[in-house]
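Analysis of the macromolecular model
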Amino acid sequence: METIAVVDYNLGNLHSVSKAVEHVAPDARVLVTDDHAQIAQADRVVFPGQGAARDCMKAISDHHVEAAVREAAEVKPFLGICMGLQVLMEYSDENGGTPLLDLFPGQVRHFARGRVDDNGVPLKIPHMGWSQVNQAIDHPMWQGIDDQSRFYFVHSYYIVPDDESIVAATTDYIDPFACAIASDNLFAVQFHPEKSADAGLQLLKNFVNWKP
């Protein structure tokens with residue numbers, strides 16, 4: 001029986017994420033945990049997150065999960081969700097600059113205010129609701145998911161990776177932005193697959209079956 005660890009640092013949508021993973025992996029053991037040993041021993045790791053970057057980094061520190069997250073991101077199938085994507089970058093523009101985990105060169109920027117769509121309607125911040133995801137690469141995590149499928153987003157900041165080759169998908173909101181990255185055993189998304197109906201469940205199922 002495989003074990004899937006959902007990293008618990010008290011700032012993720014843990015119940016919804018764990019239940020969605022359990023739904024697509026009924027034969028797996030799904031643990032919501034901040035225990036370093038359990039995360040290290042798990043076969044797969046899901047790293048959710050929500051809220052502000054500074055609060056997120058403090059919670060990661062308070063729960064002592066940074067080392068476990070770093071190790072998992074290097075050696076086993078790893079899925080970051082929402083802030084679990086953003087904190088993989090170097091720093092965020094939030095609060096005048098917030099250092100992040102620095103697993104990938106790049107930054108996290110706030111959506112520009114005062115922009116309007118083609119009809120002159122102001123675009124709201126945060127970006128909230130269903131948006132099309134444009135697949136940038138062929139990847140096992142997209143198996144069974146049509147290009148430009150809609151996923152559910154809630155965020156005011158977006159990633160700008162230095163290395164464009166890791167961008168796995170983009171979404172258009174004000175301007176195109178990277179909404180998914182892929183590198184070796186790691187895949188991370190800005191949207192919430194656990195809230196994204198059939199496409200989101202398919203992505204989680206793909207993660208459970210993914211053999212990087």
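Residues numbered from 1 in each chain as written. Predicted model: local features only at pLDDT ≥ 70, side-chain atom pairs only at ≥ 80, totals over all residues. Heavy atoms only, no water.

Bringing the packing of aromatic side chains into the picture now. This model, assessed by the stated rule, comprises twelve aromatic pairs. With centroids separated by 5.5 Å and ring planes inclined at 75°, the aromatic side chains of F111 and F177 adopt a geometry described as edge-to-face. Linking F111 in the loop between β7 (106-110) and β8 (127-132) with F177 in strand β13 (residues 175-183), this pair joins segments that are 66 residues apart in sequence. Judged on exposure class, the residue F111 and its partner F177 are both buried. Taking 5.8 Å as the distance between ring centres and 70° as the angle between the ring planes, the aromatic pair formed by W130 and Y152 counts as edge-to-face. Placement of the pair is W130 in strand β8 and Y152 in strand β10 (residues 150-155), with a sequence separation of 22 residues. According to the relative accessible area criterion, W130 is partly exposed, its value standing at 43%. Through a chain of ring-to-ring contacts, the aromatic side chains of F111, F151, F153, Y158, Y173, F177 and F191 assemble into a single cluster. Over the ring of F207 we find R44, and its NZ or CZ is 5.9 Å from the ring centre. (Phe/Tyr/Trp six-rings, centres within 6.5 Å; stacked < 30°, edge-to-face > 60°. Helix = DSSP H or I, 4+ residues; strand = E, 2+ residues; numbered from the N terminus. Buried < 20%, exposed > 50% of the residue type's maximum accessible area, 1.4 Å probe, protein only. Lys NZ or Arg CZ within 6 Å of the ring centre and 35° of its normal.)

Glancing now at unusual backbone geometry. Looking along the chain, the bond that leaves I125 and enters P126 is cis, with omega of 10°. Mapping P126 onto the fold places it in the loop between β7 and β8. A positive phi angle, near 55°, is found at D184, a position not held by glycine. As for its placement among the helices and strands, D184 is situated in the loop between β13 and β14 (186-189).

Grouped together as the largest cluster of nonpolar side chains are 39 residues, with contacts concentrated most on V46, L79, V133, W142, F187, F191 and L203. Those elements giving two or more residues to this core turn out to be β1 (3-7), α1 (14-24), β4 (78-81), β10, β12 (167-173), β13, β14 and α6 (197-209). Beyond its immediate chain neighbours, meaning those up to four positions away, L203 contacts L79, M141, W142, I145, F187, F191 and P193. If you look at the next biggest cluster of nonpolar residues, it comprises 35 residues, including A59, I60, L85 and L186. (Core = buried A, V, L, I, M, F, W, Y, C linked by side-chain atoms within 4.5 Å. Contact = heavy atoms within 4.5 Å.)

This part covers the layout of surface pockets. In this model, the largest pocket occupies a volume close to 190 Å³. G51, M83, V154, H155 and S156 are, among the 15 residues lining the largest pocket, the residues nearest its centre. Those elements giving two or more residues to the lining of the largest pocket turn out to be α5 (83-86) and β10. (1 Å grid on protein atoms, 1.4 Å probe; cavity = no way out; pocket = protein on both sides within 12 Å on 5 of 7 lines; lining within 4 Å. Points joined across faces, edges and corners; volume = space filled by probe spheres on them.)

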